[in-house]
Amino acid sequence: MSPLHSYSIFLSISINILLQSSTTSSQSNLCRSSCGDIPINYPFGIDDGCGSPYYRHMLICSDNNTKLELRTPSGKYPVKSISYSDPHLLVSDPFMWNCQDRDNFRPTRSFSIDSSTHFTVSPQNDYLFFNCDSEKVIVEPKPLFCERFPDRCDSSCDSSSYLCRHLPECGSALGSRVSCCSYYPKATQSLRLMLQNCATYTSVYWRSTGAGNAPYDQFPEYGIRVDFEFPVTMKCLLCQDTTKGDGVCGFDTRTRDFLCLCKKGNVTTHCNDSNLVKHKRIGAVAGTVTAVSAAGAIGVGGGVFWYLRKVRAKAPVTCGVQSNDNRIF
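Please read these numbers as outputs of a predicted model, since none were measured by experiment.

Engineer: It is not clear to me how the overall build of the protein should be interpreted in this structure. Could you clarify?
Structural biologist: Looking only at helices and strands, the protein features six helices and 19 strands. Split into buried and exposed, the 329 residues of the protein put 46% on the buried side. A total accessible area of about 17200 Å² is found for the protein, and carbon and sulfur atoms account for 53% of it.

Engineer: Just checking my understanding: could you explain the state of the cysteines for this structure?
Structural biologist: What we call a disulfide is simply a covalent bond connecting the sulfur atoms of a pair of cysteines. Applying the stated criterion to the full structure yields ten disulfides. There is a disulfide in this structure between C31 and C50, and the S-S distance comes to 2.0 Å. Handedness of the C31-C50 disulfide follows from its S-S torsion of about -85 degrees: it is left-handed. Here C50 lies in the loop between β2 (38-39) and β3 (59-62) and C31 lies in the loop between α1 (3-22) and β1 (34-35), a separation of 19 residues in the sequence. Comparing C31 with C50 shows no difference in burial state: the two are buried.

Engineer: Hey, could you run me through the pattern of salt bridges in this one?
Structural biologist: Where charged atoms of side chains with opposite charge meet at close range, the side chains can pair. Taken as a whole and judged by the stated rule, the model has nine salt bridges. When the shortest N-O distance is used, the salt bridge between D47 and R32 registers 2.9 Å. Here R32 lies in the loop between α1 and β1 and D47 lies in the loop between β2 and β3, a separation of 15 residues in the sequence. Note on D47: relative accessible area 16%, which makes it buried. Three or more residues are tied together by salt bridges with common partners; here these are K80, R207 and E221.

Engineer: I'm lost on the packing of aromatic side chains in this one. Help?
Structural biologist: Aromatic ring pairs are defined here through the distance separating the ring centres and the angle between the ring planes. Summed over all chains, the structure comprises 18 aromatic pairs. On the basis of an interplanar angle of 50 degrees and a centroid distance of 5.1 Å, the ring pair of W97 and F130 is categorised as tilted. On the criterion of sequence distance, the pair formed by W97 in the loop between β6 (88-91) and β7 (119-121) and F130 in strand β8 (residues 125-130) is long-range, its members being 33 residues apart. The residues W97 and F130 share a single accessibility class, namely buried. Among the aromatic residues, those joined into a cluster by ring pairs are Y42, F44, Y55, Y84, F119, F228 and F230. Taking NZ or CZ as reference, R152 lies 4.8 Å from the ring centre of F149, over its face.

Engineer: Where do I start with the environment of C132 in this structure?
Structural biologist: Position of C132 among the secondary structure elements: in the loop between β8 and β9 (139-140). Taking the C-alpha atoms as reference, C132 lies 9.4 Å from C157; in sequence the two are 25 residues apart.

Engineer: Looking at this structure, how should I read the sheet that holds strand β18 (residues 265-267)?
Structural biologist: Hydrogen bonding along the main chain pairs the strands of a sheet, whether they run parallel or antiparallel. The three strands are arranged β16-β17-β18 in an open sheet whose pairing can be described as antiparallel. Taken across any chain shown, the strands that pair with only one partner, and hence form the sheet edges, are β16 (248-251) and β18. Averaged over all neighbouring strand pairs, the angle between strand axes comes to 40 degrees, with direction disregarded. Two strands pair when backbone bridges link them, and β16 and strand β17 (residues 258-262) are joined in this way by four bridges, in the antiparallel orientation. Note on β17: the bridge partner recorded for C249 is C260.

Engineer: Please clarify how the pairing of strand β5 (residues 75-83) should be interpreted in this entry.
Structural biologist: Regular strands have side chains that alternate between both faces of the sheet. Here strand β4 (residues 67-72) runs beside β5; their pairing, made up of four bridges, is antiparallel. Bridge pairing in β5 places E69 opposite P78. Pairing analysis gives four bridges linking β5 to β6, with the strands arranged antiparallel. Bridging across to β6, V79 finds its partner in V91. Between β5 and β6, which pair antiparallel in sequence order, lie four residues.

Engineer: What is the right way to read the nonpolar core from this model?
Structural biologist: Nonpolar side chains in soluble globular proteins tend to end up buried together. Counting 48 residues, the largest nonpolar core has F44, L68, I82, F119 and F129 as its most contacted members. Each residue touching F119, except ones within four places of it in the same chain, is listed here: F44, Y55, M58, L70, L89, I113, D114, V226, D227 and F228. Membership of the second largest hydrophobic core comes to 15 residues, among which are C99, L128, L167 and V178.

Engineer: Please explain the environment of G247 as it appears in this structure.
Structural biologist: Mapped onto the secondary structure, G247 falls in the loop between α5 (234-240) and β16. In this structure the C-alpha to C-alpha distance between G247 and N272, which are 25 residues apart in sequence, comes to 9.1 Å. The contact partners of G247, leaving out residues within four places of it in the chain, are C239, Q240, C260, L261 and C271.

Engineer: What exactly am I supposed to notice about the sheet that holds β4 here?
Structural biologist: Strand order in this open sheet of six strands is β3-β4-β5-β6-β14-β7, and the pairing throughout is antiparallel. This sheet does not close on itself; its edge strands, each paired only once, are β3 and β7. Neighbour-to-neighbour, the strand axes of the sheet open up by a mean angle of 40 degrees, direction not taken into account. Relative to β4, β3 runs antiparallel, the two sharing four bridges. Within β4, the position partnered with I60 by the bridge is E69.

Reading the values: the criteria
Residues numbered from 1 in each chain as written. Predicted model: local features only at pLDDT ≥ 70, side-chain atom pairs only at ≥ 80, totals over all residues. Heavy atoms only, no water. Helix = DSSP H or I, 4+ residues; strand = E, 2+ residues; numbered from the N terminus. Buried < 20%, exposed > 50% of the residue type's maximum accessible area, 1.4 Å probe, protein only. Areas by Shrake-Rupley, 256 points an atom, 1.4 Å probe, with all protein chains shown as cover. Disulfide = S-S within 2.5 Å. Salt bridge = Lys/Arg side-chain N within 4 Å of Asp/Glu carboxyl O. Phe/Tyr/Trp six-rings, centres within 6.5 Å; stacked < 30°, edge-to-face > 60°. Lys NZ or Arg CZ within 6 Å of the ring centre and 35° of its normal. Pairing = 2+ DSSP bridges. Axes fitted to C-alpha atoms, helices over the stretch in contact; angles between N-to-C directions. Core = buried A, V, L, I, M, F, W, Y, C linked by side-chain atoms within 4.5 Å. Contact = heavy atoms within 4.5 Å.

Purely geometric stuff here, so don't read any function into it on its own.
Next up, the structure:
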């Protein structure tokens, strides 16, 4: 037997032992429920095997469990808050303009979200662009321009925007020589084209105070709202049922199949299952098999999924801010 063949057999046996030993432990103890002061609930997880596999590796918690970041194709961005009742994240982009910059425009880059994920950039964001090239970007007061050129209305950047005249937190931060206009790019490519012809940009999200008098209960805040879908399965609901043991919804890190994570082990049903001891070897524990589980199945097991989306139309934000739902740039 050749040394190479002997090494291959040894490696195979070692991996099998690692997998078998790891599956006897409970994953629920490894699922952190917060990062800093931000709660981490289903469908998210900051430890591999926790939450929904659709959001695997997308949230990162670092700096001794104090800094939460969202990973996207354009980089990693600090997460300011997560809402589970109105499913969205609020993230900040360090490359965007802020009040401290004043008229000192730093190099920037466009924020983007992978369209194949269950994240979307919310239409409730407003983008402000500064010092755009007027020969390449239509910078005009939108109401008047749209009246004169209705066919080009959606391609214009509104120089009469309420936000340009009332910058949140620092209304007088920009001098008279700095131009500002509001425009909502429908796609990442549109944003990139704008940044090629403008000095910089920033994003403003309209946060609700909860007073219930929309749109007058909204106020502007710097940040990017990112909406997310809420995948729910009957198995996950059963697992989370407090009368059934109050388990944690997770998944097998090798197969991506659903697992109910319990203190005594991992099962495919719920934590009060009488067969828990028999089933406790099901599943892989995060952190112990990650290096050998890269070939996980593409499909996601665990029953039929429903997606809880926000389908009720939001009341339009007035205050002079233009929303261009049909813009094609």
